[in-house]
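Next come the chains, spelled out residue by residue.
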Amino acid sequence: MLDLFSIFSKGGIVLWCFQGTSEIFSPSVNALIRSVILQERSGNTTFNHNSLTLQYKLDNEFELVFVVAYQRILQLSYVDKFLNDVHLEFRDKYKNELQGGQHMGDFDFKACFDAALKGCEQWAKSQAKIPKQMRTFEDSQKSKKTVASMIERKGEEKGKKSVKIVEVKLTNGKPEEPEEDDSDVLAARAKLAQKLNKTKKEVKKSPKSPKVEKDRTKKPRVWELGGGARDLPELDFSTDKPEDSNIIADTHLVGRMTGAIRDLEVDSDESSSEEEEESAPSPKKTGGMFSIFKGLVGSKALSAEAMQPVLDKMRDHLITKNVAADIANKLCESVATKLEGKVLGTFDSVAKTIKATLTESLVQILSPRRRVDILRDAMHAKQEGRPYVMAFCGVNGVGKSTNLAKICFWLIENDMSVLIAACDTFRAGAVEQLRTHTRHLNALHPSQNHSRTMVQLYEKGYGKDAAGIAMEAIRYAADSKIDVVLIDTAGRMQDNEPLMRALAKLIKVNEPDMVLFVGEALVGNEAVDQLVKFNQALADHSSTANPHTIDGIVLTKFDTIDDKVGAAISMTYITGQPIVFVGTGQTYTDLKALNANAVVHALMK
Ligand code: GDP
C-alpha cells in the first residue's frame, strides 16, 4: 500500500498529490529534495527517511518529479513499474498543459492514478505466482564453452600471455657469443661498444660520479614550494631540530592573513573559453573534457543508450583527475538521471547542456551546505564566555600539525588568542614540533604590552590519556580567557580500532565546536576509505544517539597535485561536509579557502 504519491515541478509547485494516510510527509519529501535531488545524488532512485522508503522518477523534459512513499518494512515489487506507468500516463494526458508551462492547472488525475495502481498491483500478484525458473543450459555461460577450450595443455600459458623468455648462457660470468656470424650485426655491436666506452669515460669525468654507495635509508619528502613561497621558511618541524632560542621572526608574513581566508586559485587555462570549445575543434587542441561530448551530435532526446559511451569516457576522465572510482560512477549516474529524456535541439545545445549539467553538479557538491565562519563562531563563543574548540584528526603524516599551526597563525592575525592542546601523546617528537611552532608564532606576533601571549601550548608529555589532556586544556583556556583551543590528535590508521575508539572518546567527552578531518589532496580512492571509516568509527564508538562526526575537511598538500583535484570532490561527496581549509605549501600563509568554481574548472580541463 502506498502512503503518498506526489507530482511536483522542480521549481517546487505540487501538481497533483495522493495521500493514503493522515501522516505528515513533508519532512521526508523535503529531506529527499535536500539530500538527493539538490545534492547531485540522483543516480540512486530510492531514498530511506525515518520509517519510509521514497522512490522517485525525474521527467527532465518537463522538469517534473514523481515521488512515491511507503513504509520501509514493505517490499513492493511494483513501484518501479508503477512510477514508469504513471509518469507516461500523466505526460500523455497533460502534454499540452505541460508544454504551455501551465503548471498551476487543476489536474484531474485520480481515475488514471487508481487504474495504474490497480494494474500494477495485479501485475505484481501475477508475477508472484510464476515460479522462478532455473536458467536453461543453453542460456548459461557454460554452453558457450567448447570442450577444447576447457582442456589445459602443458606448456600453454594461462591467459595467453605472450612472455618471451630469452635464455642467456653464462660462461665465466660473461654472456656466450652467439654462433651466427652476421657482419651487419657485428658492425652494429662495435658501434654500440664504442658508444658505451665513450659514455663511461664521460661519466668518470663528471664530478658527480657516484663513488659513494647510494644511501638507501628513507629520507623525508622534500616538497617543492610554489612561487613566492620559495624564499620563506618551511614549516616542517616534524623532526627534532636543536632548540633555537634566538628565533628570527619572518615579519614580512605578518599581516597577510587578516580577515577571512583568501580563495584558492587553481591554474586555469583561460584560453579555452566556452565559445572556442563549441566551434569545430582545432587540430592543435587535445579537446579535454569537451571532446567527450562530440558523440552526441544530432541527438534529439537524450536516451540512456546514447549517453552511455559518453558517460563512460566522462567517468574515466574524472578518475584520471583523482576522483575516487566509486564516486565518479555515482556522479555519472546522477548526470544520466538528470538528463535522460531531455529533448535537445541543435549541436550547440547538446554540448552546452551536458557540460553545464556536469559542471553544475560538481559546483553543487563542492559548495558548502551550511555557513562555515570560524571567526564569527569564535567571537560568539567568546561572548558566551567559553573558548571555541577545534579538534584535528587524520592518518599520520597528512599535515595535521603543520596546518594546525597555519590555522593558528590565521587566528592570531585576527586577534584571537590560541591554546594548542598537544594531544598526540603517541608519536615521538609531536610535542616538540608544536613547541617549535608555538615559539615561532609568538615571535611573529609578540604580545602587545605583554598583557597576553598570543599562543600557548598545553602539554603533558607522552603516553597519557589524550581525552583527559584535551579536557584540562579546555578548562585552562576557559579560566585564562583564551579565545580558541586547537586540539592536535595522534595520527591513526582508519582500521586501527583501539585508536579510533580513543578518538571517539576524545570527541565525545570534550564536544569540540568543530571536528576537522585532515586529508591529503594526493590520494584518490584512499581518501574516501579514510573518511568513511573515520566517520563510521566516530559514530560507532560514541555510544550516543546523536554522535558527533566530522564537521569539515582540511585538504592539505594542494600545491603538489597540479590539476588532479579529484580528492576534493571525493571527500565532499562522501561526507557532505565542506572543505574548510586548503593547505597549499609550507609557510604560515599557505592556507586558502576552497573556490568551487576554480576546482571544477581544473577538473573539467
Ligand atoms: P602530521 O603527522 O599529520 O602532523 O603531519 P605534519 O604536520 O608533520 O606534516 C607532514 C609533512 O607534510 C611535513 O613535511 C609538512 O611540511 C608537509 N606538509 C603539510 N602540509 C603541507 C602542504 O599544504 N603542502 C606541502 N607541500 N607540504 C605540506
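Just above, that's the structure.
Residues numbered from 1 in each chain as written. Predicted model: local features only at pLDDT ≥ 70, side-chain atom pairs only at ≥ 80, totals over all residues. Heavy atoms only, no water.

Draft legend 1. Main features of the nonpolar core. Met-390, Trp-410, Leu-411, Ile-487 and Phe-581 are the most contacted members of the largest nonpolar core, which totals 112 residues. Per-element accounting of this core gives the leading share, eight residues, to helix 12 (residues 400-413). Within the second largest apolar cluster, 28 residues are counted, among which are Phe-5, Val-68, Leu-83 and Val-86. (Core = buried A, V, L, I, M, F, W, Y, C linked by side-chain atoms within 4.5 Å. Buried < 20%, exposed > 50% of the residue type's maximum accessible area, 1.4 Å probe, protein only. Helix = DSSP H or I, 4+ residues; strand = E, 2+ residues; numbered from the N terminus.)

Draft legend 2. Focus on the packing of aromatic side chains. Counted according to the given criterion, the structure contains 17 aromatic pairs. Centre to centre, the rings of Phe-5 and Phe-82 are 5.6 Å apart; their planes meet at 70°, and the pair counts as edge-to-face. Taken together, the positions of Phe-5 in strand 1 (residues 4-9) and Phe-82 in helix 2 (residues 79-93) put the pair 77 residues apart, joining distant regions of the chain. Comparing Phe-5 with Phe-82, the two get one shared label, buried. With a centroid separation of 5.6 Å and an interplanar angle of 70°, the aromatic rings of Trp-410 and Phe-581 are classed as edge-to-face. A residue pair is termed long-range when its members are at least 10 positions apart, and Trp-410 in helix 12 and Phe-581 in strand 14 (residues 579-583) qualify at 171 residues. (Phe/Tyr/Trp six-rings, centres within 6.5 Å; stacked < 30°, edge-to-face > 60°.)

Draft legend 3. The arrangement of the sheet that holds strand 12 (residues 514-520) in detail. An order of 10-9-11-8-12-13-14-15 is seen for the eight strands of this open sheet, with the pairing classed as mixed. Edge positions in the sheet fall to strand 10 (455-458) and strand 15 (591-592), since each of these pairs with one other strand and no more. Inspection of the sheet shows strand 13 (residues 552-556) paired to strand 14 by three bridges, in the parallel sense. In the strand pairing of strand 14, Ile-553 is matched with Ile-579. The sheet contacts of helix 12 involve strand 8 (388-393), strand 9 (418-423), strand 10, strand 11 (484-489), strand 12, strand 13, strand 14 and strand 15, and relative to strand 11 the element is tilted by about 175°. (Pairing = 2+ DSSP bridges. Contact = heavy atoms within 4.5 Å. Axes fitted to C-alpha atoms, helices over the stretch in contact; angles between N-to-C directions.)

Draft legend 4. Structural view of the sheet that holds strand 4 (residues 52-59). Judged by pairing direction, the sheet is antiparallel, and its five strands sit side by side in the order 2-1-5-4-3 without closing on themselves. Sheet topology places strand 2 (14-19) and strand 3 (46-49) at the edges, where each strand pairs with a single neighbour. When the angles between neighbouring strand axes are averaged without regard to direction, this sheet yields 20°.

Draft legend 5. Structural context of the packing of helix 8 (residues 304-320) against helix 9 (residues 325-339). For the pair helix 8 and helix 9, interaxial distance at closest approach is 9 Å and the crossing angle is 145°. Between helix 8 and helix 9 lies a crossing whose hand is right-handed. Along its contact with helix 8, which presents Met-307, Leu-311, Met-314, Arg-315, Leu-318 and Ile-319, the element helix 9 presents Ala-325, Ala-328, Asn-329, Leu-331, Cys-332, Val-335, Ala-336 and Leu-339. For the contact of helix 8 with helix 9, a count of residues per class yields 12 nonpolar, one polar and one charged. (Left-handed = near helix turned anticlockwise from the far one by under 90°. Nonpolar A, V, L, I, M, F, W, Y, C, P; charged D, E, K, R; others polar.)

Draft legend 6. Summary view of the pairing of strand 4. Counting buried positions along strand 4 yields seven of eight residues, so the element is predominantly enclosed. As defined by bridge partners, strand 3 adjoins strand 4 across four bridges and the pair is classed as antiparallel. Its bridge partner being in strand 4, Phe-47 is matched across the sheet by Leu-54. Pairing between strand 4 and strand 5 (residues 64-71): eight bridges, direction antiparallel. Considered in strand 5, the bridge of Leu-52 is made with Gln-71. Once strand 4 ends, the chain turns through four residues before running back antiparallel as strand 5, passing Glu-63 with a positive phi of about 60°.

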